[in-house]
Amino acid sequence: MRFEDFYKELADKKYYVFSCEDLCAFFSVQKKASFKQHLYRWKQNGMVSSLRRNLYELTFPKAYDIPDMFLANRIYAPSYVSLETALSHYSLIPEVSMAVTSITAKTTRRFKNRHGLFIYRSVKNQAFCGYTVENHNGFDVLIAEAEKALVDYVYFKASRGNKPDIEALRLDKKKLAGLNRKKIEKYSRIYGINMEGILHGYLRNFGQSGQATRYAGK
């Protein structure tokens, strides 16, 4: 197979991230072993780049602007972006997460490639919920709702035997006040954590003013 034909097929479909199985579906006349040989050669020539074992991206004639959160979904599936990355995305915390953090129902994993570090925290099947689909530059991204990202974060802090330090997280009070309390309570019950008490204490320490007071007092 010529790279030009391969590139045109994937570029026309805007399918810039792919596995051998994807290629076999697109090009049914080619065998998987043949694709592996092509991919090895194209990788050596810098035409494709490896994201992890059996997952690649097009890098020739240019490297495409693929959102890291979309890559996180594809690198380890099923998963959805959550924790620090999602909290930063919703401007609930001021810091930008250096790694892309996600939730999965599979084994905890981490991957590193030219885009950076991708971390996946494992939850029970019942807790693999509370995410939505957002479009980022034409790419569909599975990302936790703000409420679920917050509960996911607190759960993992608590599961390490630590007292969740919400103050250290420097949550934006106004953003926090705008969250859906019923959703927070629903997701908290899945994990068996007391988010009401945790959030109430945090807001009280900041004087419980404005919307924050109304949230804590509902």
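So, here's what we can say about the structure. Note that the structure is predicted; figures quoted are calculated from it, not measured.

Residue pairs three or four apart in sequence face the same way in an α-helix, which turns once every 3.6 residues. Among the residues of helix 9 (residues 181-191), those classed as buried are R181, I184, Y187, S188 and Y191. One side of helix 9 carries all its buried residues, which in axial view fall inside an arc of 130 degrees. Turned more than 90 degrees from where helix 9 packs its buried face, K182 and R189 sit exposed. Two or three places before K182, at the start of helix 9, stands the capping residue N180, its side-chain oxygen 3.0 Å from that residue's backbone nitrogen. G192 sits one or two residues past helix 9 and shows a positive phi near 75 degrees.

The sheet built from three strands is open, its strands ordered 1-3-2 with antiparallel pairing. Strand pairing shows two members of the sheet lacking a second neighbour, strand 1 (17-18) and strand 2 (48-52), which therefore form its edges. When strand 2 meets strand 3 (residues 55-58), the two strands line up antiparallel, connected through four bridges. Looking across to strand 3, one finds that R52 is bridged to L55.

The next subject is unusual backbone geometry. Note: most peptide bonds trans; most residues except glycine with negative phi. Residue P61 is bonded to the preceding F60 through a cis peptide linkage, with omega at 10 degrees. Positionally, P61 belongs in the loop between strand 3 and helix 4 (68-75). Even without a glycine there, the phi angle at L83 is positive, about 55 degrees. You can see L83 is positioned in helix 5 (residues 83-89). Of note in the backbone geometry, S91 takes a positive phi value of approximately 60 degrees without being a glycine. Following the sequence through the fold, S91 ends up in the loop between helix 5 and strand 5 (100-104).

What follows covers the environment of L87. Within the element layout of this structure, L87 appears in helix 5. Spatially, the C-alpha atom of L87 lies 8.9 Å from that of L171, the residues being 84 residues apart in sequence.

So, about the packing of helix 6 (residues 146-159) against helix 9. Geometrically, a packed helix pair is captured by the angle between its two axes and the distance between the axes. The geometry of helix 6 relative to helix 9 is characterised by a closest axis approach of 9 Å and an angle of 35 degrees between their N-to-C directions. Remark: the crossing between helix 6 and helix 9 carries right-handed chirality. Touching E147, K148, L150, V151, D152 and Y155 of helix 6 are K183, I184, Y187, S188 and Y191, all from helix 9. The residue inventory of the contact of helix 6 with helix 9, partitioned by class, reads six nonpolar, one polar and four charged.

The rules behind the values
- Residues numbered from 1 in each chain as written.
- Predicted model: local features only at pLDDT ≥ 70, side-chain atom pairs only at ≥ 80, totals over all residues.
- Heavy atoms only, no water.
- Buried < 20%, exposed > 50% of the residue type's maximum accessible area, 1.4 Å probe, protein only.
- Helix = DSSP H or I, 4+ residues; strand = E, 2+ residues; numbered from the N terminus.
- Arc of directions from axis to C-beta.
- Polar contact = N/O pair within 3.5 Å; in protein donor to acceptor, adjacent residues only side chain to side chain.
- Pairing = 2+ DSSP bridges.
- Axes fitted to C-alpha atoms, helices over the stretch in contact; angles between N-to-C directions.
- Left-handed = near helix turned anticlockwise from the far one by under 90°.
- Contact = heavy atoms within 4.5 Å.
- Nonpolar A, V, L, I, M, F, W, Y, C, P; charged D, E, K, R; others polar.

Don't take any of this as a statement about function, it's just geometry.
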